[in-house]
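Structural characterization, general
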Amino acid sequence: MSDERPDPFKDPPPRRVAALALLEQDGLFAIIHRTYWTSVAKWGLPGGSADPNELPRRAFSRHMDQKLGLRLSAGRLLAIDHAPEWPGRYREGMNLVYHATVNTDAETTPAGGYDEIRWVTPDAAAALVVDHELLRLTHCVEALRSGTFVELLMGNPMN
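Below is a short write-up of the structure. Just so we're clear, the structure is a prediction, and the values are computed from it rather than from any experiment. (Residues numbered from 1 in each chain as written. Predicted model: local features only at pLDDT ≥ 70, side-chain atom pairs only at ≥ 80, totals over all residues. Heavy atoms only, no water.)

1. Some remarks on the overall build of the protein chain
We apply this condition: Each helix is a run of DSSP H or I of at least 4 residues and each strand a run of E of at least 2, with the numbering of both proceeding from the N terminus. The globule rule used for comparison is 2.2 Å times the number of residues to the exponent 0.38, while the radius of gyration itself is calculated over C-alpha atoms. Residue exposure (1.4 Å probe, protein chains only): buried if accessible area is under 20% of the type maximum, exposed if over 50%, otherwise partly exposed. Working rule for contacts: check all heavy atoms of both residues, and any pair within 4.5 Å makes them a contact. Only the protein chains shown count as cover for residues, with accessible areas throughout obtained via the Shrake-Rupley method and a probe of 1.4 Å. As used throughout, the charge tally considers Lys and Arg to be positive and Asp and Glu to be negative, leaving His and the chain termini uncounted. To locate a charge, take NZ of a lysine, CZ of an arginine, CG of an aspartate or CD of a glutamate.
The helix and strand inventory of the protein chain stands at three helices and nine strands. Here the protein chain has a C-alpha radius of gyration of 16 Å; the compact-globule value for 159 residues is 15 Å, and the two agree. The buried share of the protein chain, taken over its 159 residues, is 41%. Taking as baseline every contact in the protein chain between residues at least 6 positions apart, the subset at least 24 positions apart corresponds to 65%. Accessible surface, the protein chain: about 9,200 Å² in total, of which carbon and sulfur atoms supply 52%. Charge centroids of the protein chain, computed over 17 positive and 21 negative side chains, lie 2 Å from each other.

2. Observations regarding the pattern of salt bridges
Heads up, the rule is: Salt bridges are counted wherever a side-chain nitrogen of Lys or Arg sits within 4 Å of a carboxyl oxygen of Asp or Glu.
Per the counting criterion, the structure on display carries seven salt bridges. Arg34 is paired through a salt bridge with Glu133; the nearest N and O atoms lie 3.3 Å apart. Pair noted here: Arg34 is in strand 2 (residues 28-34) and Glu133 is in helix 3 (residues 131-146), with a separation of 99 residues, a long-range link. Exposure class is identical for Arg34 and Glu133. Each is buried. We note a salt bridge from Glu116 to Arg118, for which the minimum N-O separation is 2.6 Å. For Glu116, a relative accessible area of 29% puts it in the partly exposed group. Exposure remark for Arg118: the relative accessible area of 34% places this residue in the partly exposed category. One network of salt bridges, with partners in common, ties together Arg34, Asp81, Glu133 and Arg136.

3. Things to note about the packing of aromatic side chains
Defined as follows: Pairing of aromatic side chains here covers Phe, Tyr and the six-membered ring of Trp, requires ring centres within 6.5 Å, and sorts the geometry by plane angle: under 30 degrees stacked, over 60 edge-to-face, intermediate tilted.
Within this structure, the stated rule accounts for one aromatic pair. On the numbers, 5.9 Å between centres and 75° between planes, the contact of Phe60 with Tyr98 is edge-to-face. Remark: Tyr98 occurs in strand 6 (residues 93-101) and Phe60 occurs in helix 1 (residues 56-68); sequence separation between them is 38 residues. In this structure, Phe60 and Tyr98 share a single accessibility class: buried.

4. Comments concerning the pairing of strand 2
Regular strands place their side chains on alternate faces of the sheet. Filter applied, for reference: Should DSSP find at least two bridges between two strands, the strands are taken to pair.
Burial within strand 2 is extensive, with six of its seven residues counted as buried. Bridging between strand 1 (residues 16-25) and strand 2 involves two bridges; their strand directions are antiparallel. Bridging from a neighbouring strand, Gln25 pairs with Leu28 of strand 2. Between strand 1 and strand 2, which pair antiparallel and follow one another directly, the connecting turn spans two residues, one of which, Asp26, has a positive phi of 50°. Relative to strand 3 (residues 43-44), strand 2 runs antiparallel, the two sharing two bridges.

As structure tokens, then:
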């Protein structure tokens, strides 16, 4: 029996990286309705997990195209939201939230687990988005407006 600890560079722990979007259109922000989450957490920011060896900015563009029919590049990084492992549900990971502006005439076609998109004010989002998803959205809007960056743990500021 060996007392050696695993080398995290040779045998890294599984970790999920996701690219999410704070999409803005005429001062309103996009929230999406997910068909695959529990009823209390169905609304949140659009995006999804990066594939192995896929850069988060590339994953952002891929998810916006596949899930909303939008051809967008990731803008300014607003936040990193760390998420501990939820055994049986998802692995430990981090969600990178990028800002992007969407033209008023852009058409969206929800797909890939999304069945609706709404453009709302942050206050109106509170009627649909709950828990850490609402905290994440609120802190990302604040970071956008103040020109800052925020590091979060399940939506709560770490600093």
